[in-house]
Amino acid sequence: MATILGQNQYGKAENRVVKITRDGDTHHIKDLNVSVALSGDMDDVHYSGSNANVLPTDTTKNTVYAFAKEYGIESAEQFGIHLARWFVNSQEPIQRARIRIEEYAWDRIATSDANSKFIGADEVKHSFVRQGMETRVTQITYDGQNWEVISGLKDLVVMNSTNSEFWGYVKDKYTTLQEAYDRILATQVSSRWRFNWSDDEQRMPNWEKSYAETRKHMLQAFAETYSLSLQQTLYQMGSRIINHRSEIDEVRFSLPNKHHFLVDLEPFGLKNDNEVYFAADRPYGLIEATILRDGADARIPVDMTNL
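A few points on the structure. Source: prediction; values computed, not measured.

### Examining the packing of aromatic side chains
At step 1: This model, assessed by the stated rule, comprises nine aromatic pairs.
At step 2: With 3.8 Å between their ring centres and 15° between their planes, Tyr142 and Trp147 make a pair best called stacked. Both residues of the pair, Tyr142 and Trp147, belong to the buried class.
At step 3: Between the aromatic rings of Trp193 and Tyr211, the centroid separation amounts to 6.0 Å while the plane-to-plane angle is 40°, which identifies the pairing as tilted.

### Thoughts on the side chain of Thr225
At step 1: As for its position among the elements, Thr225 is in the loop between α5 (207–224) and α6 (230–244).
At step 2: Separated by 2.6 Å, the side chain of Thr225 and the backbone oxygen of Ala221 make a polar contact.
At step 3: Setting aside anything within four residues of it in sequence, one finds Thr225 in contact with Asn163, Gln232, Thr233 and Gln236.

### Here's the deal with empty space enclosed by the protein
The gaps left among the atoms become clear once a water-sized probe is rolled over them.
At step 1: One pass over the structure, following the stated rule, counts one cavity of 30 Å³ or more.
At step 2: Volume-wise, the largest cavity comes out at about 30 Å³.
At step 3: Lining the largest cavity, in full, are Asp41, Met42, Asp44, Val45, Ser50, Ala52, Asn53 and Val54.

### Description of the packing of α5 against α6
At step 1: Put simply, α5 and α6 touch, their axes get as near as 8 Å, and they point 140° apart. In this view, α5 runs oblique relative to α6, as classed from their interaxial angle. Note that α5 runs across α6; the crossing there is right-handed. Of α6, the residues touching α5 (which contributes Thr214, His217, Met218, Gln220, Ala221, Phe222 and Glu224) are Thr233, Gln236, Met237, Arg240, Ile241 and His244.
At step 2: In terms of residue class, the contact of α5 with α6 is built from five nonpolar, six polar and two charged.

### Structural notes on α6
At step 1: For α6, built from 15 residues, the straight-helix expectation of 21 Å at 1.5 Å per residue is met to within 8% by its first-to-last C-alpha distance of 21 Å.
At step 2: Restricting attention to buried positions, one finds in α6 the residues Leu230, Thr233, Leu234, Met237, Gly238, Ser239, Arg240, Ile241 and Ile242.

### A look at the sheet that holds strand β8 (residues 185–195)
At step 1: Strand order in this open sheet of eight strands is β1-β2-β3-β6-β7-β8-β9-β12, and the pairing throughout is antiparallel. Of all strands in the sheet, those bounded by a partner on one side alone are β1 (15–23) and β12 (285–292). Geometrically, the sheet is characterised by an average inter-axis angle of 20° between neighbouring strands, direction not taken into account.
At step 2: Bridging between strand β2 (residues 26–40) and strand β3 (residues 94–104) involves 10 bridges; their strand directions are antiparallel. For Leu32, the partnering residue across the bridge sits in β3 and is Glu103.
At step 3: This element, α5, spans β2, β6 (135–142), β7 (147–160), β8 and β9 (248–257) of the sheet and lies at about 35° to β7.
At step 4: Sitting on the sheet, α6 is in contact with β8, β9 and β12, with an inclination near 155° to β9.

### A look at the nonpolar core
At step 1: Counting 51 residues, the largest nonpolar core has Val34, Phe79, Ile99, Val189, Met218 and Phe253 as the members making the most contacts within it.
At step 2: Top contributing element to this core by residue count: helix α3 (residues 76–90), with seven residues.
At step 3: If we skip the residues at most four places from it in the chain, Phe79 touches Leu32, Val34, Val64, Phe67, Ala68, Gly72, Ile73 and Ile101.

### Concerning the packing of helix α2 (residues 57–70) against α3
At step 1: One way to put it is that α2 packs onto α3 with a least axis distance of 11 Å and a crossing angle of 130°. Here α3 runs oblique to α2, going by the angle between their axes. α2 and α3 meet at a crossing whose hand is right-handed. Residue-level inspection shows Thr60, Thr63, Val64, Phe67 and Ala68 of α2 in contact with α3, the latter providing Phe79, His82, Leu83, Trp86 and Phe87.

### So, the layout of surface pockets
At step 1: Space inside the largest pocket adds up to approximately 690 Å³.
At step 2: If you go around the largest pocket, you meet 31 residues; those closest to its centre are Lys154, Ser190, Arg192, Met304 and Thr305.
At step 3: Only β2, β3, β6, β7, β8, β9 and β12 provide two or more residues apiece to the lining of the largest pocket.
At step 4: Along the lines of polarity and charge, the residues of the lining of the largest pocket split into 10 nonpolar, 10 polar and 11 charged.
At step 5: Reported here for the second largest pocket is a volume of approximately 530 Å³.
At step 6: Around the second largest pocket, the lining comprises 21 residues; the ones closest to its centre are Phe166, Leu177, Ala180, Arg183 and His259.
At step 7: For the lining of the second largest pocket, the secondary structure elements donating two or more residues are α6, β10 (260–262) and β12.
At step 8: Looking at the lining of the second largest pocket, the element that brings in the most residues is β10, giving three residues.
At step 9: The residue inventory of the lining of the second largest pocket, partitioned by class, reads 10 nonpolar, eight polar and three charged.

Here is what the cut-offs are and how they apply
- Residues numbered from 1 in each chain as written.
- Predicted model: local features only at pLDDT ≥ 70, side-chain atom pairs only at ≥ 80, totals over all residues.
- Heavy atoms only, no water.
- Phe/Tyr/Trp six-rings, centres within 6.5 Å; stacked < 30°, edge-to-face > 60°.
- Buried < 20%, exposed > 50% of the residue type's maximum accessible area, 1.4 Å probe, protein only.
- Helix = DSSP H or I, 4+ residues; strand = E, 2+ residues; numbered from the N terminus.
- Polar contact = N/O pair within 3.5 Å; in protein donor to acceptor, adjacent residues only side chain to side chain.
- Contact = heavy atoms within 4.5 Å.
- 1 Å grid on protein atoms, 1.4 Å probe; cavity = no way out; pocket = protein on both sides within 12 Å on 5 of 7 lines; lining within 4 Å.
- Points joined across faces, edges and corners; volume = space filled by probe spheres on them.
- Axes fitted to C-alpha atoms, helices over the stretch in contact; angles between N-to-C directions.
- Parallel < 35°, antiparallel > 145°, perpendicular 65-115°, else oblique.
- Left-handed = near helix turned anticlockwise from the far one by under 90°.
- Nonpolar A, V, L, I, M, F, W, Y, C, P; charged D, E, K, R; others polar.
- Expected span 1.5 Å × (residues − 1).
- Pairing = 2+ DSSP bridges.
- Core = buried A, V, L, I, M, F, W, Y, C linked by side-chain atoms within 4.5 Å.

So, in structure tokens, the structure goes:
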């Protein structure tokens, strides 16, 4: 049976690069996990094993580290754009580059006055502590003419201890869930947003400011929405982003409902007045949706597992 080659790509995955910028005694950290995927005129290497058009994956790894030194890391997006442009423009067989980046955030450690004086400094500016589980992510795709930048975050755990209800839902003979008029609403946010910047003629967004502001509006919407359903909260989070960030046309969320159930304390002669809960990690409700600017097309994959 005759066979033909379909879509293919190759590259170096999960290049861990930590860039320290030293501004005198004050140091700054950028901690990235960079994955490179390249595609183009690669038929021969699959059919005959000829490597004539192949840029070694080891070279792509080296490029990541060299670019961290040569260009610095202003933002995950800017760094990914530098890489994608280089791979497509410098190698004729490469027609498309996809750069995926996870960024791990660090906070500066505040030390006591006594310890600062002990090491001979008024203030320690080179010690950091890794932030919680939240991870910033971005994917940059470039074909030599057009850009697509999808950024976002994952594992951002949030909770409202009140101002959430769930009632009026469909009930059948298998329904046991009791209606709730005051419940905990908690979720672990995974979100991606797509920028409308797509070519070099457009003004490039300020990536760092955009991420900070998008995250801020997302969290404010979560905190300020009196929720009758997690779906309603999701929509408000996406709408707040679209309405406040003109550089973003599409937002997608995957929100697992981290259920908290009141513990029955009556066997112990105790009244549980919305105070003690059992936090169930599974099974969980999973709420997912895309929010779009009016007139925009949906391009973020429904399944964000590999994005």
